Amino acid sequence: MSNLSTINIGICGLGTVGQGVWKHLERSRADLESRLGVTLNLARASVRDPKKKRAVRIPAAKLTTDPLVIATDPSIHIVCELIGGTTLAREVTLAALKLGKTVVSANKALLCKHGPELFAAARKHGGHFFFEASVAGGIPIIKSLREGLVANRFKLIYGILNGTCNYILTRMDREGLSYPAILAEAKALGYAEADESLDVEGWDTAHKASILAYLAHGTWVPVEKMLVEGITQLTQADLQFARDNGYAVKLLAVITRDFDTGEVFVRVHPTLVPLTKVLANVNEVYNGISVTGDVVGETVYIGRGAGQDPTASAVISDIVDAIILLNRGNTPLPEPVETRAPLTPLEKIHGSYYLRMDVKDEPGVLAKIASALASHGVSIASVLQRPSDRPAAATLILTTHSSHEKAIRATLAHLRKLSSVLGDPLLLRIADFAG
Ligand SMILES: NC(=O)c1ccc[n+]([C@@H]2O[C@H](COP(=O)([O-])OP(=O)(O)OC[C@H]3O[C@@H](n4cnc5c(N)ncnc54)[C@H](OP(=O)(O)O)[C@@H]3O)[C@@H](O)[C@H]2O)c1
C-alpha cells in the first residue's frame, strides 16, 4: 500500500473505448478527485496512427505509438489495455503485471484465451488485473458476481450478452424483415462489425460466457468445449411461431451447475424465452443477465452491453477500484480459486426443443418424421404445418416434450438423412431451464 497524491494513468489504445475513458475521466475528474483524495493525471496514451483525427484532444507529447513504453514506464500506476486482440494486448498486459502494476482491460478475447496466465502473473508479481468492461459493457456484472453475490453458489446464469444479435432479432421480430436485410442495415449503422461472424455465430457470447463461468465457478470452460450456435439460420417462421406462442427468440448464454456432481455446462444458442421472463423483453442493443444464487434467488441485470460510453463507465469503475487498492490497500476480493470442474455430459442436458424443417408435401411424411423422433425416444408436444417457399413442400414446426440433448442430436442426424426432409432442419431450445 502506498499513499500516492497523484495517480498516473496510461491509456493503451485510444479507439472507441479509449477515447470514451479519456473523455469521461476528464469530465468527472473534479468529482472523482475530491472523493478519492488524489490528483488524477491522464499521463500518456498510445495509438497506432498518431495522425488519425480523434474526438479527444491530447497533447502530442503524451502520445506514443508503442504501448509497451506505457506498460513499462515506472511512473505509470494504472495501465488501461484498450487495444483489443490477443497478441499485443497480451504483451502489454503481461509487461505491466510483471512490474507489479495494475492493469484495467476491456478485452474479453484476451481474458478468455490467456486468463490463467494473466492471473498467475498478477499473483506472482503483486500486480492486479481488473476486467469489468469485458462482459456486458456498462452492466457491473463482474463486481456483482465477485462481491455482491459472494454468499451464493450459482445453479443457473443465463443472459443476452451480444447487443448486435439482440438488435437483429428485435428488428426481425418487430418489422418482419429477413435476417440478411437487418444485418445489412446493422452494418451500415455501425451496430455490426464488417466481419459479423464472431457476433452472429455466437463466439463473442461464448467468450463472455467463459468469463462468467470462471467467476461463478472458478473453472475455465474453453469455447471449444461449449455448445455454440448462432442466429444466422433464423427466419420469420421461427419468430412468428415464438410470437404466436408467447415467446421471444433470444441468443442466450446459459451456464448451469449441478451442486451434487460439481458438473458445469456452458452453452450458447438461440432460445425461445417465455414472454413472462424479464429477459424476453430486453430488446435492441441492450444486454440482460439473470443470475440465480442459492441464497439470494434470482437477480436480473439490464443495460447497454457495448459502445463507447457504457464501456467507459465500466473501465472507470475499475480505475477507481484500482486507486482505492493502491492508496488504501483495499484489495478486491480475489478471483475464485481455480479448479477443473467436470463438464456435464450431453446425456444429462435435457430440455424441450423446437424443430423447423421443410418437407415434401406428400402423404405419409408426418408419420416418417414422427417415427424418426420416436426411434430416439423424443416425444412430440405439438405440430404445426405452414406453407413453404420451396415448390411442392411444406414447413413443419414441431415442439418436443423434455428430451436429452444427445437424443435430439441423434434425431437431427436421422432427419437429415430422410429423403422427404428438404434442406437442413433448424433446432432451437425452449427455455424451460429458466424455471
Ligand atoms: N467498442 C466497444 O463497444 C467495446 C465494448 C466492450 C469491450 N470492448 C473491448 O475494448 C477493447 C478496445 O475496443 P475498441 O472498440 O475501442 O477498439 P478500437 O476502436 O479498434 O481501438 C483500438 C485502439 O488500439 C490502437 N491499436 C490497435 N493496434 C495497435 C498496434 N498494433 N499498436 C498500437 N496501437 C494499436 C488503435 O490505434 P489507432 O486509433 O491509431 O488505430 C486504437 O486506438 C477491445 O478489447 C474490445 O473487445 C469494446
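Cut-offs applied
Residues numbered from 1 in each chain as written. Predicted model: local features only at pLDDT ≥ 70, side-chain atom pairs only at ≥ 80, totals over all residues. Helix = DSSP H or I, 4+ residues; strand = E, 2+ residues; numbered from the N terminus. Rg over C-alpha atoms; globule rule 2.2 N^0.38 Å. Buried ≥ 20, exposed ≤ 12 C-beta atoms within 10 Å, placed from the backbone. Contact = placed C-beta atoms within 7 Å. Near = placed C-beta within 6 Å. Nonpolar A, V, L, I, M, F, W, Y, C, P; charged D, E, K, R; others polar. Domains from an automatic or database assignment. Axes fitted to C-alpha atoms, helices over the stretch in contact; angles between N-to-C directions. Parallel < 35°, antiparallel > 145°, perpendicular 65-115°, else oblique. Left-handed = near helix turned anticlockwise from the far one by under 90°. Pairing = 2+ DSSP bridges.

Attention now goes to the overall build of the chain. Counting its regular elements, the chain contains 14 helices and 17 strands. In terms of overall dimensions, the chain is globule-like: its C-alpha atoms have a radius of gyration of 24 Å, near the 22 Å expected for 435 residues. Seen along its three principal axes, the alpha-carbon backbone of the chain occupies a region of about 80 × 50 × 35 Å. Looking at the chain as a whole, 44% of its 435 residues qualify as buried. In the chain, once contacts between residues fewer than 6 apart in sequence are set aside, the share between residues at least 24 apart is 73%.

Inspection of the region around the ligand gives 25 residues, with G13, G15, G84, A106 and N107 positioned closest. Here the element with the most residues in the shell around the ligand is helix α1 (residues 16-27); it accounts for three residues. Taken together, the residues of the shell around the ligand break down into 10 nonpolar, 11 polar and four charged.

Moving on: the domain arrangement of the chain. Split by domain assignment, the chain resolves into domain 1 (6-137 + 308-328), domain 2 (148-303) and domain 3 (346-434). Between domain 1 and domain 2, the C-alpha centre-to-centre distance is 28 Å. At the interface, 11 residues of domain 1 touch 12 residues of domain 2. Top element by residues in the side of domain 1 that touches domain 2 is helix α5 (residues 108-125). It accounts for six residues. The class makeup of the residues in the side of domain 1 that touches domain 2 is seven nonpolar, three polar and one charged.

A few words on the packing of helix α4 (residues 88-98) against α5. Relative orientation of the contacting elements α4 and α5 amounts to 15 degrees, with a least axis distance of 9 Å. In terms of axis orientation, α4 runs roughly parallel to α5. Considering how the two elements wind past one another, α4 and α5 form a crossing that is right-handed. Only L110, H114, L118, A121, A122 and H125 of α5 make contact with α4, whose side of the interface consists of A89, R90, T93, L94, L97 and K98. For the contact of α4 with α5, the class distribution of residues is seven nonpolar, three polar and two charged.

This paragraph deals with the packing of helix α13 (residues 365-375) against helix α14 (residues 405-417). Where α13 contacts α14, the two axes come as close as 9 Å, and the packing angle between them is 145 degrees. Note on packing geometry: the crossing formed by α13 with α14 is right-handed. Contacts between α13 and α14 involve I369, A372 and L373 from the first element and T411, H414 and L415 from the second. Broken down by class, the residue content of the contact of α13 with α14 amounts to four nonpolar, two polar and no charged.

Taken together, the two bridges between strand β10 (residues 264-274) and strand β17 (residues 421-430) define a ladder with parallel strand orientation. Residue pairing for β17: L272 is matched across the bridge by I430. Bridge analysis of strand β13 (residues 350-360) against β17 gives seven bridges, and the strand direction is antiparallel. Paired with S352 across the two strands is I430, which belongs to β17.

Pairing in this open sheet of six strands is parallel, and the strands run β3-β2-β1-β4-β5-β6 from one edge to the other. Strand pairing shows two members of the sheet lacking a second neighbour, β3 (63-64) and β6 (128-130), which therefore form its edges. Pairing between strand β1 (residues 6-12) and strand β2 (residues 39-46): seven bridges, direction parallel. Across the sheet, the residue bridging to I11 is A45, located in β2. α1 rests against β1, β2 and β4 (78-81) of the sheet, and its axis sits at about 155 degrees to β2.

This brings us to the pairing of strand β15 (residues 393-400). Regular strands place side chains that alternate from one sheet face to the opposite one. Of all eight residues that make up β15, six are buried, and the element is covered over most of its length. Alignment of β13 against β15, held across seven bridges, turns out to be antiparallel. Within the sheet, the bridge partner assigned to K360 lies in β15 and is A393. Relative to β15, strand β14 (residues 380-387) is paired through seven bridges, and the arrangement is antiparallel. Note on β15: the bridge partner recorded for S382 is T399. What sits between β14 and β15 in their antiparallel hairpin is a turn of five residues, with A392 showing a positive phi close to 50 degrees.

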